[in-house]
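What follows is each chain in one-letter form.
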Amino acid sequence: MRISELDLPAPVKEFYERSGIKELYPPQAEAVKKGFLEGRSLLAAIPTASGKTLLAEMAMLKSISHGGKALYIVPLKALASEKFERFRQFETLGVRTGISTGDYDSRDEWLGDRDIIVATSEKADSLLRNGAPWLSSLTIVVADEVHLIDSANRGPTLEVTLARLRRLNPSLQIIALSATIGNAKELAGWMGAELVVSDWRPTTLKEGVFFGRAINFQDEKRVISTPGPDEVLALVSDTLAEGGQCIVFTNTRKSSEGIAQKVAKSLSKKLTEEEKAAFQDIKQQVLRHAETDTCARLAACVEHGAAFHHAGLKNEHRRIVEDEFRRNRIKVIACTPTLAAGLNLPARRVIIKDYRRYDVNYGSVPIPVLEYKQMAGRAGRPGLDPYGEAVLIAKTHDEMGELMDNYVLSEPEHITSKLGTEPALRSHVLSAIATDLCRDESDLYDFMDTTFYAYQRGDLSAVIKNVLDFLEAERMVVRSGDRLNASELGRLVSRLYVDPLSASIIVRALEAAKKRGEPYQKEIALLQLICATPDVRPLYLRRSDYGWVVKYTEDHIDDFLTEVPGAGDETDFEAFLATVKTAALVDMWINERNEEEITSFYSIGPGDVRSLMESCVWLMHATAEISGLLRAPVTTEARELAVRIEHGISRELMDLIELEGVGRVRARKLYDAGFRDRETLKKADEAAVAAVLGEKVAAKVLAQLGRKDVAATTGPDDTIGQSTLLLF
Ligand code: ADP
């Protein structure tokens, strides 16, 4: 089926034809036949890189051409940026795209004039809670990676968000994009969508198991050209010898780094001059953002054409690795499975080194087939590689047979809803009441009956009853007769997008602070409080931490606002110590200890520091708001702390941090040089400021203060953004 034959506006067809897409892929043609361009909902369960996004794009552009508006929901912020960049290309068609990733309690009204809005499912949910007015004009919603409904963490939010959007507009067109899953028909049934299921791929995918010296595919055996004792190295060298690139999936960050180092070492022996120059360039890019050991290790790997990629990396570094791999300058990436989720980063050969993963409840368990297929699906760059290869590694002949049966020849599992637990439902029940979506208990049951859980697994009323009891006991929901109303606290908690259990922990602590009288300024108490909520994942307490964390706890024993469990109650006490350990990290951060010191003391990556701080900023902001409502004496302190956590600064830098392009490092330099606030800077000698910040940045900073005597040069933005560690 040709693009030119489609029922799409002529400029849209020209847009695609200009980009080289003239003929639809077979699953795309099937989707057209099923009526998605006439407004029918569609679930496309087809492999990665088989043109799912293109389907969504066409459906959105068609709907927009009739005056409609689209919401594109993705599971990760990184994916939101990737899609946003892609959809911005539609500007030439007069289609405006917006991305909504900001604070959870904003309504983002400016998005009202955008035609496509890209958001994570959490952000979409928060927009519903905050009553973003433009949501009612949506005509189409795309749910990308919809199989993540199966995820205990994120699935419930996606599921409830889709149910709410459909309630808002029953004729809403849903385009759901999924990996191949066992029960696609069931999922489509829930969404009232047409279904396209296909194994078709633009490049052939060969799946096999490496054992001894050969990759055993289903119908052939290939002896590799570069055998050696280390399987991964042998497989990598073999791919590179054929001019391909490799992604190696492994189950821990440490192992991803170890593999990258090993590969880098082996590559270092055979680099051409041209490669050396290219790799030096990548190394310099990495070093531009380097402050920690992890960065130094990454720089040492990319210098030889290999890299690692995991959630402990800074965003800047992840992006460099992804971009340079796409440009075929980085040859090998060793990564944790996070890379399999969505990012468009194909490679000739994908090596799945570990098919087992550690699970807290069950120890080492084999990964699901669905996950294996997602990783394997990364193999083969359309139009560039003749084929893609996904390779598992077996140590014994028996294991080879097992891997063949359990992965290569297996169908992916069924996905199941994870909505049926109190932690998953608490926040959605509160939000349904707070936003007046449901006015009484039977309304609530009716609404929850429209979720995938109800469709698939049945009645949720028993769990909902327990959740309602909790919300009433915590005074977030009030009953009058049959009517369910959210209290002022309940409405605030729903808008703030925190777990009601977190809010109840905060409320109790703030009531304790009230009793102590004001002003209450013990920083560690507020930090420990937010780290004690289920919205902040505390750091793991290692045996070696015990000594110092217990001492730290004893030093602050009178300060804490949450109850300190008795040492006799071992499990609770350990959980408490973990919250203190986490709070102590935040304390180091806001007292300007450098990133290197923090990451090496805690043995975590800079990316972990960032994601921890992101949740802490949010919870501290929520604490300030709740404190304001309860008239507790910590509102100002919590507000200040939220700013300090966001930037990693002491209180004395709070004025300087307001300047654009001034992060914790530059603010400290300015302060120590005697420029203690913006007022002082306003009158400062330009050359003296330039001596601290460099000429370009100094000019930009002074220009913001209304200084007419400086000419702000328009250098690249990254020079001004560099020292701000947390960019929201
Ligand atoms: P998915 O979302 O399934 O991973 P994408 O829609 O991102 O896949 O498509 C992967 C690549 O294939 C993109 O570069 C896209 O432009 C290209 N592509 C999609 N459909 C076609 C087509 N019909 N003909 C040629 N290229 C296509």
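Our structure's up above, just so we're on the same page.
Structural notes, computed from the coordinates. (Residues numbered from 1 in each chain as written. Predicted model: local features only at pLDDT ≥ 70, side-chain atom pairs only at ≥ 80, totals over all residues. Heavy atoms only, no water.)

This part covers the side chain of Asp354. Tracing the backbone through its elements, the reader meets Asp354 in the loop between strand E14 (349–352) and strand E15 (356–359). Taking the relative accessible area as the measure of exposure, Asp354 reaches 18% and is therefore buried. A polar side-chain atom of Asp354 sits 2.6 Å from a polar atom in the side chain of Thr250. In terms of polar contacts, Asp354 uses its side chain to reach the side chain of Lys353, at 3.5 Å. For Asp354, the residues in contact, after removing those within four places along its chain, are Phe249, Thr250, Asn251 and Ser255. (Helix = DSSP H or I, 4+ residues; strand = E, 2+ residues; numbered from the N terminus. Buried < 20%, exposed > 50% of the residue type's maximum accessible area, 1.4 Å probe, protein only. Polar contact = N/O pair within 3.5 Å; in protein donor to acceptor, adjacent residues only side chain to side chain. Contact = heavy atoms within 4.5 Å.)

What follows concerns the sheet that holds strand E11 (residues 246–249). In spatial order, the strands read E10-E9-E8-E17-E14-E11-E13-E12; together these 8 strands make up an open sheet with mixed pairing. Edge positions in the open sheet fall to strand E10 (221–223) and strand E12 (306–309), since each of these has one partner strand only. Taking the axes of each pair of neighbouring strands and ignoring which way they run, one obtains an average angle of 25° across the sheet. With 4 bridges connecting them, E11 and strand E13 (residues 332–335) associate as parallel partners. (Pairing = 2+ DSSP bridges. Axes fitted to C-alpha atoms, helices over the stretch in contact; angles between N-to-C directions.)

This part takes up the layout of surface pockets. When its volume is computed, the second largest pocket comes out at roughly 640 Å³. Surrounding the second largest pocket, 24 residues form its lining, Asp199, Leu205, Glu207, Lys373 and Val408 being those nearest its centre. Elements supplying a minimum of two residues to the lining of the second largest pocket: strand E8 (204–211) and helix H13 (369–376). A per-element tally of the lining of the second largest pocket places E8 first, with 3 residues. Of the residues in the lining of the second largest pocket, the class split is 9 nonpolar, 7 polar and 8 charged. (1 Å grid on protein atoms, 1.4 Å probe; cavity = no way out; pocket = protein on both sides within 12 Å on 5 of 7 lines; lining within 4 Å. Points joined across faces, edges and corners; volume = space filled by probe spheres on them. Nonpolar A, V, L, I, M, F, W, Y, C, P; charged D, E, K, R; others polar.)

Summed over the entire model, instances satisfying the criterion amount to 3 cavities of 30 Å³ or more. Space inside the largest cavity adds up to approximately 70 Å³. Considering the residues around the largest cavity, the lining is formed by Ile73, Val74, Pro75, Ser121, Asp144, Glu145, Leu148, Ile149, Arg154 and Leu158. A per-class count over the lining of the largest cavity returns 6 nonpolar, 1 polar and 3 charged.

So, on to the environment of Ala691. Topologically, Ala691 is positioned in helix H29 (residues 686–693). On the basis of relative accessible area, Ala691 is assigned to the exposed category, the value being 69%. The spacing of Ala691 and Ala673 is 18 residues in sequence and 9.6 Å in space, taken between C-alpha atoms.

So, on to the state of the cysteines. Here the structure, examined in full by the defined rule, presents 0 disulfides. Distance from the sulfur of Cys246, which forms no disulfide, to the nearest cysteine sulfur (Cys335) is 11 Å. The class of Cys246 is buried, set by a relative accessible area of 0%. No disulfide involves Cys531; its sulfur sits 4.5 Å from the nearest other cysteine sulfur, which is in Cys616. (Disulfide = S-S within 2.5 Å.)

By size, the foremost hydrophobic cluster in this structure holds 86 residues, and its most contacted members are Leu425, Val429, Leu444, Met620, Ile626 and Ile645. Discounting chain neighbours no more than four positions away, the residues touching Leu425 are Leu419, Met448, Leu460, Val463, Ile464 and Val467. The next biggest cluster of nonpolar side chains, apart from the first, holds 61 residues, and it includes Val209, Phe217, Leu271 and Val286. (Core = buried A, V, L, I, M, F, W, Y, C linked by side-chain atoms within 4.5 Å.)

Okay, the site of the ligand next. Around the ligand sit 13 residues in total, of which Glu23, Gln28, Ala49, Lys52 and Thr53 are the nearest. With the chains in place, 74% of the 550 Å² that the ligand exposes on its own is no longer accessible. Per-element tally for the shell around the ligand: the top contributor is helix H3 (residues 52–65), with 3 residues. Tallied by class, the residues present in the shell around the ligand amount to 6 nonpolar, 5 polar and 2 charged. (Near = heavy atom within 4 Å. Areas by Shrake-Rupley, 256 points an atom, 1.4 Å probe, with all protein chains shown as cover.)

A few words now on the packing of aromatic side chains. All chains considered together, the criterion is met by 13 aromatic pairs. Their ring planes at 65° and their centres at 5.4 Å tell us that Phe15 and Phe90 sit as a pair that is edge-to-face. Of this pair, Phe15 sits in helix H1 (residues 10–18) while Phe90 sits in the loop between helix H4 (77–87) and strand E3 (97–100), placing them 75 residues apart in sequence. Looking at Phe15, the relative accessible area reads 8%, which means it is buried. Consider the rings of Trp548 and Tyr602, whose centres lie 6.2 Å apart with planes at 85°: the pair is edge-to-face. Of the two residues, Trp548 is situated in helix H22 (residues 546–555) and Tyr602 in helix H24 (residues 595–602); the sequence distance between them amounts to 54 residues. A relative accessible area of 25% means that Trp548 is categorised as partly exposed. By way of ring pairs, the aromatic residues Phe15, Tyr16, Tyr72, Phe87 and Phe90 are connected into one cluster. The ring centre of Phe470 lies 5.8 Å from the NZ or CZ of Arg426, which sits over that ring. (Phe/Tyr/Trp six-rings, centres within 6.5 Å; stacked < 30°, edge-to-face > 60°. Lys NZ or Arg CZ within 6 Å of the ring centre and 35° of its normal.)

Moving on, we come to the sheet that holds strand E2 (residues 70–74). If you trace the 7 strands from one edge of the open sheet to the other, you get E3-E4-E2-E5-E6-E1-E7, paired in parallel fashion. The sheet is open, and its two borders are formed by E3 and strand E7 (194–197), each paired with just one other strand. This sheet shows a mean twist of 15° between the axes of neighbouring strands, independent of strand direction. Along the sheet, helix H2 (residues 26–33) contacts strand E1 (42–45) and E7; its crossing angle with E7, the most-contacted strand, is approximately 165°. Sitting on the sheet, helix H6 (residues 155–168) touches E2, strand E5 (140–143) and strand E6 (173–178), and the angle it makes with E2 is about 170°.

This part covers the pattern of salt bridges. Summed over the entire model, instances satisfying the criterion amount to 54 salt bridges. Glu23 is paired through a salt bridge with Arg2; the nearest N and O atoms lie 3.1 Å apart. With Glu23 in the loop between H1 and H2 and Arg2 in the segment before H1, this pair connects stretches of sequence that are 21 residues apart. Here Arg2 falls in the partly exposed class, since its relative accessible area comes to 38%. Of the charged contacts, one joins Lys77 and Glu614 as a salt bridge, the two residues approaching to 3.0 Å between their closest N and O atoms. Taken together, the residues span a long stretch of sequence, with Lys77 in helix H4 and Glu614 in helix H25 (residues 606–630) at a distance of 537 residues. You can call Glu614 partly exposed: its relative accessible area is 33%. (Salt bridge = Lys/Arg side-chain N within 4 Å of Asp/Glu carboxyl O.)

Negative charge collects at one region of the surface, where Asp569, Glu570, Asp572 and Glu574 lie side by side. Along the chain, Glu574 falls in helix H23 (residues 570–590). (Patch = residues over 30% accessible without salt bridge, like charges linked within 9 Å, V, L, I, M, F, W, Y side chains within 5 Å. Lys, Arg positive; Asp, Glu negative; His and termini not counted. Charge placed at Lys NZ, Arg CZ, Asp CG, Glu CD.)

Shape is all these values report; function is a separate question.
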